[in-house]
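Here are the chains, one letter per residue:
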Amino acid sequence: MNADECRKLDDEYLMSDPMAYFRSKLEGLLDEADVAEARTVKEGSLRARFQQLAGEAAHSRSPITAGQRTIQVAVDAIQFRHQVAEALLRLIDARLRQRNSASPQSLWMNLIRSPTRLHDLVEQLRPHVESEEFFPIAAGLLIPVPAGTTLDEDMKEGTSTALDWIVRASEIVMTGQIDLNAANNKIKHGITARPEDKLRLTIATKPPNADGSMPLSHLAGPSSLDVFDTIVLEYISRPPSPKGQEPHGYERTLLRADSPVLLAEAWMLAITHGAIFHTAAYRHFGEKTVEGMAPYPGILIGPTSQRILGKHVVGLRFPVTTSPQGTIHRPPGMLLSDGVFVPLKFGEGRSGVVVDG
């Protein structure tokens, strides 16, 4: 493609507004989670038109409960977070290839030609993001000011926050100690995942008494750790094995699906994406804002990903099958929000009765 063709493509693409979609999606999920009563059907509304087209089939045989809607929002929030994380990483990759190329490059075409496998995308970005020279480059991608502008303290802090969220985006789309990427895939491809809102799991460091009783304080005090206290998504996946090694077996994952955390993460990623997209348009149109461009969302001065994640268990994993050679490459374990993975060993089961005290 020549320079004129690249320019015309990006003239069109950079007048779109991806963040408006992300913002609308976020607001829709927040509204869905908070609406318990049946909605009023107004004449000419989308719901009224849907009911007219679907006829009797439009009326649910079993009304949706508040609990079912809460589960749906949690599941959708997992997908939404993954979608924004992937969009952010692909946009950064496309901008860097455009920036580093000696020949004309279209941002739109670079996005289309980005690696299909997310693992390849992250590995392609890694040397750039981990380079000591990347900070000023990131600032140039994020902040719509003329090239060569000296960064003030807010710009520096905002760039640092954005870099933190770029790293977090990579964690979300990759297979780490907990296969977060599979969570999105198992929902997207046929809903082969099981959300559960009745699972509560606490690790107590003090055992039951000899008579089988366990004081409530052992489950609610400093000697205990809440593993799951919200909706959990359960799924089975086969994590990818390193190149040249035999395939892993399948594993079962229990993933904490806390909607407020998931949506807050998605929104921080969306703001970072919006800043890069606007700045790309700003530079494309000659370091100026033109009518119709997506608005600049500002640069984030916090919160960091760790602040939003807090201190909790991300999920548990358990082997379901061995590898073809009979090996368990990834034993049971628990991933904490600070990135620490705790291997688990299980002894003989015991039962007890929780009592006051």
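Here the structure is a predicted model, which means the values were calculated and not measured.

> Mind showing me how you'd approach the packing of helix α4 (residues 66-100) against helix α6 (residues 118-129) here?
Closest axis-to-axis distance for the α4/α6 pair is 10 Å, and the angle between their directions is 50°. Between α4 and α6, the crossing angle belongs to the class labelled oblique. Read as a crossing pair, α4 and α6 show a hand that is left-handed. Residues His 82, Glu 86, Leu 89, Arg 90, Ile 92, Asp 93, Leu 96, Arg 97 and Asn 100 of α4 lie in contact with α6, whose contacting residues are Leu 118, Leu 121, Val 122, Gln 124, Leu 125 and His 128. Tallied by class, residues from the contact of α4 with α6 come to seven nonpolar, four polar and four charged.

> I tried to follow helix α8 (residues 153-173) on my own but got confused; where do I start?
Helix length check: α8 (21 residues) gives 31 Å between terminal C-alpha atoms against 30 Å at 1.5 Å per residue, within 8%. You can read the cap of α8 off the contacts: a side-chain oxygen lies 3.2 Å from the backbone nitrogen of Asp 154, and it is on Asp 152.

> Can you walk me through the sheet that holds strand β5 (residues 232-237) in this structure?
Where strands meet in a sheet, backbone hydrogen bonds hold them as pairs that are either parallel or antiparallel. Pairing is antiparallel across the open sheet formed by six strands, whose spatial order is β1-β5-β6-β7-β8-β9. The open sheet terminates on both sides in strands that have one partner only, identified here as β1 (193-196) and β9 (341-343). When the angles between neighbouring strand axes are averaged without regard to direction, this sheet yields 20°. Both strand β7 (residues 313-319) and strand β8 (residues 333-336) contribute to a ladder of four bridges, which runs antiparallel. Residue Leu 316 lies in a different strand from β8, and its bridge partner there is Met 334. Sitting on the sheet, helix α9 (residues 180-188) touches β1, β5, β6 (251-256) and β7, and the angle it makes with β5 is about 90°.

> Any chance you could explain a nonpolar patch on the surface here in plain terms?
On the surface, a nonpolar cluster with roughly 260 Å² of combined accessible area is contributed by Ile 236, Tyr 250 and Val 320. Relative to the helices and strands, Ile 236 is located in strand β5. You can call Ile 236 partly exposed: its relative accessible area is 45%.

> I tried to follow the packing of aromatic side chains on my own but got confused; where do I start?
The geometry of two aromatic rings is summed up by the distance between their centres and the angle between their planes. For the structure on display, the rule yields five aromatic pairs. Centroid distance Tyr 13 to Trp 108: 5.2 Å. Interplanar angle 20°. Geometry classified as stacked. Remark: Trp 108 occurs in helix α5 (residues 107-112) and Tyr 13 occurs in helix α1 (residues 3-13); sequence separation between them is 95 residues. For the ring pair Phe 22 and Phe 80, a centre distance of 6.4 Å and an interplane angle of 55° mean the geometry is tilted. In this pair, Phe 22 sits in helix α2 (residues 18-34) while Phe 80 sits in helix α4, placing the two residues 58 residues apart along the sequence. This pair shows no difference in class: Phe 22 is buried, exactly as Phe 80 is. One aromatic cluster in this structure is built from Tyr 13, Trp 108 and Phe 277.

> Looking at this model, I keep getting lost on the confidence of the model for the chain. Mind explaining?
Note: predicted coordinates in regions of low pLDDT should not be interpreted at a detailed level. Of all residues in the chain, 99% attain a pLDDT of 70 or more, and the chain-wide mean is 91. Averaged pLDDT values for the elements of the chain fall to 78 in helix α10 (residues 217-220) and rise to 97 in helix α11 (residues 259-284).

> Sorry, what's going on with the pattern of salt bridges here?
A pair can form between side chains of opposite charge whenever their charged atoms are brought close. Overall, the coordinates contain 20 salt bridges when judged by the stated rule. Arg 7 is paired through a salt bridge with Asp 4; the nearest N and O atoms lie 2.5 Å apart. In this pair, Arg 7 and Asp 4 are both assigned in helix α1, three residues apart and thus about one turn of the helix distant. In this structure, Glu 86 engages Arg 90 in a salt bridge whose closest nitrogen and oxygen atoms are separated by 2.9 Å. You can see Glu 86 and its partner Arg 90 sitting in helix α4, four residues apart, about one turn around the helix.

> Would you explain the environment of Gly 339 in this entry?
Within the element layout of this structure, Gly 339 appears in the loop between β8 and β9. Assessed through its relative accessible area of 53%, Gly 339 is described here as exposed. Sequence separation of Gly 339 and Asp 120 is 219 residues, and the distance between their C-alpha atoms is 22 Å.

Rules used throughout
- Residues numbered from 1 in each chain as written.
- Predicted model: local features only at pLDDT ≥ 70, side-chain atom pairs only at ≥ 80, totals over all residues.
- Heavy atoms only, no water.
- Axes fitted to C-alpha atoms, helices over the stretch in contact; angles between N-to-C directions.
- Helix = DSSP H or I, 4+ residues; strand = E, 2+ residues; numbered from the N terminus.
- Parallel < 35°, antiparallel > 145°, perpendicular 65-115°, else oblique.
- Left-handed = near helix turned anticlockwise from the far one by under 90°.
- Contact = heavy atoms within 4.5 Å.
- Nonpolar A, V, L, I, M, F, W, Y, C, P; charged D, E, K, R; others polar.
- Expected span 1.5 Å × (residues − 1).
- Polar contact = N/O pair within 3.5 Å; in protein donor to acceptor, adjacent residues only side chain to side chain.
- Pairing = 2+ DSSP bridges.
- Patch = residues over 30% accessible without salt bridge, like charges linked within 9 Å, V, L, I, M, F, W, Y side chains within 5 Å.
- Areas by Shrake-Rupley, 256 points an atom, 1.4 Å probe, with all protein chains shown as cover.
- Salt bridge = Lys/Arg side-chain N within 4 Å of Asp/Glu carboxyl O.
- Buried < 20%, exposed > 50% of the residue type's maximum accessible area, 1.4 Å probe, protein only.
- Phe/Tyr/Trp six-rings, centres within 6.5 Å; stacked < 30°, edge-to-face > 60°.
- pLDDT = per-residue confidence, 0-100.

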